[in-house]
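Chain by chain, the residues:
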Amino acid sequence: MKPPAPVVEMTGISIEFPGVKALDDVALRLYPGEVHALMGENGAGKSTLIKALTGVYTVDAGTIVVDGQQRDLRGTADAQDAGIATVYQEVNLCTNLSIGENVMLGHEARGPFGVSWRRTHAQARAALARLGLDDLDTHAPLSSLSIALQQLVAISRAMVVDCKVLILDEPTSSLDAHEVENLFTVMRRLRDSGVAILFVSHFLDQVYEITDRLTVLRNGRLVSEHLTRDLPRGDLVSAMIGKDVATLTSIGSERAARVADAGAVPVLEARGIGRKGSIHPSDVEVHAGEVVGFAGLLGSGRTELARLLYGADRPDTGEIRVDGRRTSFGSPVAAIAERVAFSTENRRDEGIVADLSVRENLVLAVQAKRGWMRPIPRKEQDELCARYIAELNIRPADAERPIKNLSGGNQQKVLLARWLATAPRLLILDEPTRGIDVGAKAEIQEAVVALAAEGMGVVFISSELDEVVRLSDTIVVLRDRREVETIVNGPTVTADTIVGIIAREGDAA
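Residues numbered from 1 in each chain as written. Predicted model: local features only at pLDDT ≥ 70, side-chain atom pairs only at ≥ 80, totals over all residues. Heavy atoms only, no water.

(A) Just the overall build of the protein, in detail. Along its length, the protein carries 19 helices and 22 strands. Rg of the C-alpha trace for the protein: 25 Å, near the compact-globule value of 23 Å for 509 residues, within the 12% margin. Principal axes of the C-alpha set define a box for the protein whose edges measure 80 × 50 × 50 Å. Considering the protein as a whole, with its 509 residues, one finds that 51% of them fall into the buried category. Intrachain contacts of the protein at a sequence separation of at least 6 include 65% that bridge at least 24 residues. Carbon and sulfur atoms provide 50% of the accessible area of the protein, an area that totals close to 22700 Å². Side chains of the protein give 57 positive and 70 negative charges; the mean places of these two sets differ by 3 Å. (Helix = DSSP H or I, 4+ residues; strand = E, 2+ residues; numbered from the N terminus. Rg over C-alpha atoms; globule rule 2.2 N^0.38 Å. Buried < 20%, exposed > 50% of the residue type's maximum accessible area, 1.4 Å probe, protein only. Contact = heavy atoms within 4.5 Å. Areas by Shrake-Rupley, 256 points an atom, 1.4 Å probe, with all protein chains shown as cover. Lys, Arg positive; Asp, Glu negative; His and termini not counted. Charge placed at Lys NZ, Arg CZ, Asp CG, Glu CD.)

(B) Region of interest: the packing of aromatic side chains. Taken as a whole and assessed by the stated rule, the structure comprises 4 aromatic pairs. Taking 6.5 Å as the distance between ring centres and 80 degrees as the angle between the ring planes, the aromatic pair formed by Tyr-310 and Trp-419 counts as edge-to-face. A residue pair is termed long-range when its members are at least 10 positions apart, and Tyr-310 in helix 10 (residues 302-310) and Trp-419 in helix 16 (residues 408-420) qualify at 109 residues. Members of the aromatic cluster, joined through ring pairs, are Tyr-310, Phe-342 and Trp-419. (Phe/Tyr/Trp six-rings, centres within 6.5 Å; stacked < 30°, edge-to-face > 60°.)

(C) Fine view of the side chain of Ser-224. By secondary structure assignment, the location of Ser-224 is in strand 12 (residues 221-227). In terms of polar contacts, Ser-224 uses its side chain to reach the side chain of His-226, at 2.7 Å. Filtering out sequence-adjacent residues up to four positions away, Ser-224 remains in contact with Leu-214, Thr-215 and Val-216. (Polar contact = N/O pair within 3.5 Å; in protein donor to acceptor, adjacent residues only side chain to side chain.)

(D) Local environment of unusual backbone geometry. Following Arg-395, the chain continues into Pro-396 via a peptide bond in cis, with omega recorded as -10 degrees. Note that Pro-396 resides in the loop between helix 15 (378-391) and helix 16. Its identity is not glycine, yet Asp-323 carries a phi of approximately 55 degrees, on the positive side. Summarising the element assignment, Asp-323 is placed in the loop between strand 16 (317-322) and strand 17 (325-327). Within the chain, Asp-480 stands out as a residue other than glycine whose phi angle is a positive 50 degrees. With respect to the helices and strands, the residue Asp-480 is situated in the loop between strand 21 (474-479) and strand 22 (482-488).

(E) Structural context of the side chain of Asp-313. Counting through the fold element by element, Asp-313 comes out in the loop between helix 10 and strand 16. Sequence-distant contacts of Asp-313, that is, excluding residues within four places in its chain, are made with Arg-275, Arg-307 and Leu-308.

(F) Structural detail: the sheet that holds strand 4 (residues 61-66). Read across the sheet, 4 strands follow the order 2-1-4-5 without closing on themselves; strand pairing throughout is antiparallel. Because the sheet does not close on itself, it has two edges, and the strands there are strand 2 (20-30) and strand 5 (69-71). With strand direction ignored, the average angle separating the axes of adjacent strands in the sheet is 30 degrees. Relative to strand 1 (residues 8-17), helix 1 (residues 46-53) is tilted by about 115 degrees, and along the sheet it contacts strand 1, strand 2 and strand 4. (Pairing = 2+ DSSP bridges. Axes fitted to C-alpha atoms, helices over the stretch in contact; angles between N-to-C directions.)

(G) Main features of the packing of helix 5 (residues 147-159) against helix 6 (residues 177-192). Axis separation between helix 5 and helix 6 bottoms out at 10 Å; the angle between their running directions is 15 degrees. Taken together, the axes of helix 5 and helix 6 are roughly parallel relative to one another. Both helix 5 and helix 6 take part in a crossing whose hand is right-handed. Each of Ala-148, Leu-152, Ile-155 and Met-159 in helix 5 lies in contact with helix 6, whose residues at this interface are Glu-179, Leu-183, Val-186 and Leu-190. (Parallel < 35°, antiparallel > 145°, perpendicular 65-115°, else oblique. Left-handed = near helix turned anticlockwise from the far one by under 90°.)

(H) Quick peek at the sheet that holds strand 11 (residues 213-218). If you trace the 6 strands from one edge of the open sheet to the other, you get 6-9-10-3-11-12, paired in mixed fashion. Across the chains shown, the open sheet's two edge strands, defined by having one partner strand only, are strand 6 (84-87) and strand 12. Sheet twist, expressed as the mean angle between neighbouring strand axes with direction ignored, is 20 degrees. Of the strand pairs in this sheet, strand 9 (residues 165-169) and strand 10 (residues 196-200) are connected by 5 bridges, and their pairing is parallel. By the bridge assignment for strand 10, Leu-168 is matched with Phe-199. Here helix 5 sits on the sheet and contacts strand 6 and strand 9; the angle it forms with strand 6, its principal contact strand, is near 170 degrees. Strand contacts of helix 6: strand 3 (35-39), strand 9 and strand 10, with the helix running at about 145 degrees to strand 10, the strand carrying the most contacts.

(I) Looking closely at the pattern of salt bridges. Counted according to the given criterion, the structure contains 31 salt bridges. Glu-285 is the salt-bridge partner of Arg-271, the closest N and O atoms lying 2.5 Å from each other. Of this pair, Arg-271 sits in strand 13 (residues 268-275) while Glu-285 is found in strand 14 (residues 279-286), placing the two residues 14 residues apart along the sequence. The class for Glu-285 is partly exposed, based on a relative accessible area of 31%. We note a salt bridge from Arg-425 to Asp-323, for which the minimum N-O separation is 2.2 Å. Of this pair, Arg-425 sits in the loop between helix 16 and strand 19 (426-430) while Asp-323 is found in the loop between strand 16 and strand 17, placing the two residues 102 residues apart along the sequence. Among the charged side chains, a salt-bridge network with shared partners connects Arg-29, Glu-34, Arg-213 and Glu-225. (Salt bridge = Lys/Arg side-chain N within 4 Å of Asp/Glu carboxyl O.)

(J) The arrangement of the nonpolar core in detail. Judged by nonpolar contacts, the single largest core of 63 residues is most densely connected at Phe-294, Tyr-310, Leu-362, Leu-420, Leu-426, Leu-427 and Ile-428. Per-element tally for this core: the top contributor is helix 16, with 6 residues. Apart from residues no more than four positions distant in its own chain, Leu-427 is found in contact with Ala-341, Leu-416, Trp-419, Leu-420, Leu-451, Met-456, Gly-457, Val-458 and Val-459. Ranked by size, the runner-up nonpolar core spans 51 residues in total, among them Leu-145, Leu-175, Val-180 and Leu-231. (Core = buried A, V, L, I, M, F, W, Y, C linked by side-chain atoms within 4.5 Å.)

(K) Structural view of helix 5. Here helix 5 is 13 residues long and its end C-alpha atoms lie 19 Å apart, about the 18 Å a rise of 1.5 Å per residue gives. In terms of burial, helix 5 is largely enclosed, as 10 of its 13 residues are buried. Within helix 5, burial applies to Ala-148, Gln-150, Gln-151, Leu-152, Val-153, Ala-154, Ile-155, Ser-156, Ala-158 and Met-159. If you follow the buried residues of helix 5, they end up packed against strand 6, helix 3 (99-103), helix 4 (117-129), strand 9 and helix 6. (Expected span 1.5 Å × (residues − 1).)

Right, here's the structure in full:
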């Protein structure tokens, strides 16, 4: 049986911005009735390729054929006319309108006296029913729905125009496991109806669960296209990062070879530190050259405990000692003065300053430590930037580029560089690898191992239990904003060990 022709065929796509070639001779084929993953590191060119397909960017070279017809996509309206719809990670809906109004926005049913709201809501119900969402009240405000259901409403709106191609850009980043499964049910229903779905995600488990085919990009170039079932995970990771997957697996052995002096005075010691309504009194001890992991489910109190250690929040109980000396961090500035640094989990709102350059973001903490009346000389700024751009492989290597134009992984590296520039003895990293690709994740993990090997104390927080186990010497397990157990890592400790501790405490409660 002859396979169907691609509904989208992009060939020789090149896009160049001042000083950088974002895409270089890239190809992409999307087939009807398939879910196709677009894979690659942050900065590999995924977003640029999507913007070329949706008309946001005009290609400098190459052709785009949709449903057998060559298209010159000069804007999003051209893409919609070609049957291409996109649902982004940040749901772009009007929460002040009803569910039905959002579904039919721009396509309301008309009558002799203008919009017929009765027919509009009827058509909205029919559109929602096609995705198995017929239980939703189209008159209810969109704001009454969870983010997961709002995403499904956005997909329903895209399907009102009977699109041939649906692009889902990181649709699962804010969803729990049940919500992801509901989304996948809708995706399978659309796939089986003949829609081509382009799926972008950093979650490899999800890619292997839902996709039929995948394309890998690296550094703006096409690496390969595969049927998902034919490509082992290790080979996919190697294709994405351009290194053997042993780069990742060796990190755990490097941790095992590292020995912290547990008999020495801790760099930081917290006893009975807690805050009412935030975290129960807890004990934490971090030695030079030691990585202490905080493990627990969402809402377990990991971030709350870290913020007390840093002085971002003030504790009600307990005490903190630095080098055996009792101290009180009344503010982050006091913590920085003690060479304790904290990198927040909220990269966008509490980390980067989007409109400033990489250089300006990188030197912020050093400038705050030194005082705003003593500006850092430009030569020193340039030297700091050159050092950390090289050491952390920040791409592109342009200190004057606005940080908002960098990929998430590279933004995270700039934040790490910001705190390393203050020469901390203790570095607290809250979710430093969340939402970034596997290559950038490996580089940040390698940096943590290297910093500990050089004698720095590190507190490492991650939702990925495997990552905590891979990197940590000691693991503080939290549940329901309470420290439930602190364990020494070793060969028999796995993510399942952590899960068992959390579950056992849950049963006891």
